[in-house]
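Residue-level structure breakdown
Here's the letter readout for the chains.
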Amino acid sequence: MGSAALVKHSSQRTNALVLVEGESDANAVRALAVRVGCDLDSGRIAIVSAGGVTNFARVLLAHLRAHPHARVCGMYDIGEEWHVRRALARAELLKSDSGSLEASGFFACVADLEDELIRALGVAAVERVVEEQSELASFRRFQAMPEHRHSQTHQQLHRFLGTRATRKIRSATRLAEALDLANLPRPLQQLAARLRAVDDA
């Protein structure tokens, strides 16, 4: 997140911050908010991409200086837990030095959010999203490449979605829109509960 975006964000009163690593994660959470009937504007909920997990501490501290009473939650990739734990400790938000970060409102994706979405939806549903974006032919060519042809379709989809930043961001929204609300990936299920709680407050 650039300094200009931080200034803009800080100038508006917020009741809650949902902090995620990248723009694709932010898009998925915004789509989820719509799906669960959460009005981000009326609830004054800011969904912010940190532009990488190493920026979590800077964004958290800037937000809390501007909005000391706001609730904070977020989502991260489990492989980046150390960075998130350190950021929460610096912002004095860590509920436990050694326990789960869930107590502090931060929820982990096993690999990353795209992997969670693919597993929740299933290969066929994800391929339909790819087709709706007029990229199925490109995906079939990707599958035929020697370095990918022996991988499972789940892995091929995960790699394909990540080959372009714009594809990853656009697909995150579409995949979140396609989710069955009764079968949300665990981190999104937990964030949905937080969003509802803030919106109902």
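Everything here concerns the structure above.
As the structure is a prediction and not an experimental result, all values here were calculated from the model.

Moving residue by residue along a regular strand, the side chains alternate between the two faces of the sheet. Counting buried positions along strand β3 (residues 71–77) gives 6 out of 7 residues, so the element sits mostly inside the fold. Of the pairings in the sheet, the one linking strand β1 (residues 16–20) to β3 comprises 4 bridges and is parallel in character. Bridge pairing links A16 to R71 in β3. Relative to strand β4 (residues 106–109), β3 runs parallel, the two sharing 4 bridges. By the bridge assignment for β4, M75 is matched with F107. Handedness of the β3-helix α4 (residues 81–90)-β4 crossover: right-handed.

A positive phi angle, near 50°, is found at R44, a position not held by glycine. Under the relative-accessibility criterion, R44 is labelled partly exposed at 37%. The phi angle at E92 is positive, at roughly 60°, despite the residue not being glycine. The residue E92 is located in the loop between α4 and β4 in this model.

Further remarks concern the packing of aromatic side chains. Here the distance between the centres and the angle between the planes together describe a pair of aromatic rings. Under the counting rule described, the total for this entry stands at 3 aromatic pairs. Centre to centre, the rings of F56 and F106 are 6.4 Å apart; their planes meet at 55°, and the pair counts as tilted. With a gap of 50 residues between them, F56 in helix α3 (residues 56–66) and F106 in strand β4 connect regions that are remote in the sequence. Here F56 and F106 have matching classes, each one buried. Ring geometry for F142 against F160: centres 5.6 Å apart, planes inclined by 65°, an arrangement best described as edge-to-face. Separated by 18 residues along the polypeptide, F142 in helix α7 (residues 136–144) and F160 in helix α8 (residues 153–161) bring together distant segments of the chain. Given the relative accessible area of 2%, F160 is considered buried. In this structure an aromatic cluster arises from ring pairing among F139, F142 and F160. Over the face of the ring belonging to F160 we find R167, whose NZ or CZ atom lies 3.8 Å from the ring centre.

Basis of the calculations
- Residues numbered from 1 in each chain as written.
- Predicted model: local features only at pLDDT ≥ 70, side-chain atom pairs only at ≥ 80, totals over all residues.
- Heavy atoms only, no water.
- Buried < 20%, exposed > 50% of the residue type's maximum accessible area, 1.4 Å probe, protein only.
- Helix = DSSP H or I, 4+ residues; strand = E, 2+ residues; numbered from the N terminus.
- Pairing = 2+ DSSP bridges.
- Right-handed = clockwise from strand over helix to strand, strands pointing away.
- Phe/Tyr/Trp six-rings, centres within 6.5 Å; stacked < 30°, edge-to-face > 60°.
- Lys NZ or Arg CZ within 6 Å of the ring centre and 35° of its normal.

Remember that the coordinates give geometry; whether it matters functionally is a separate question.
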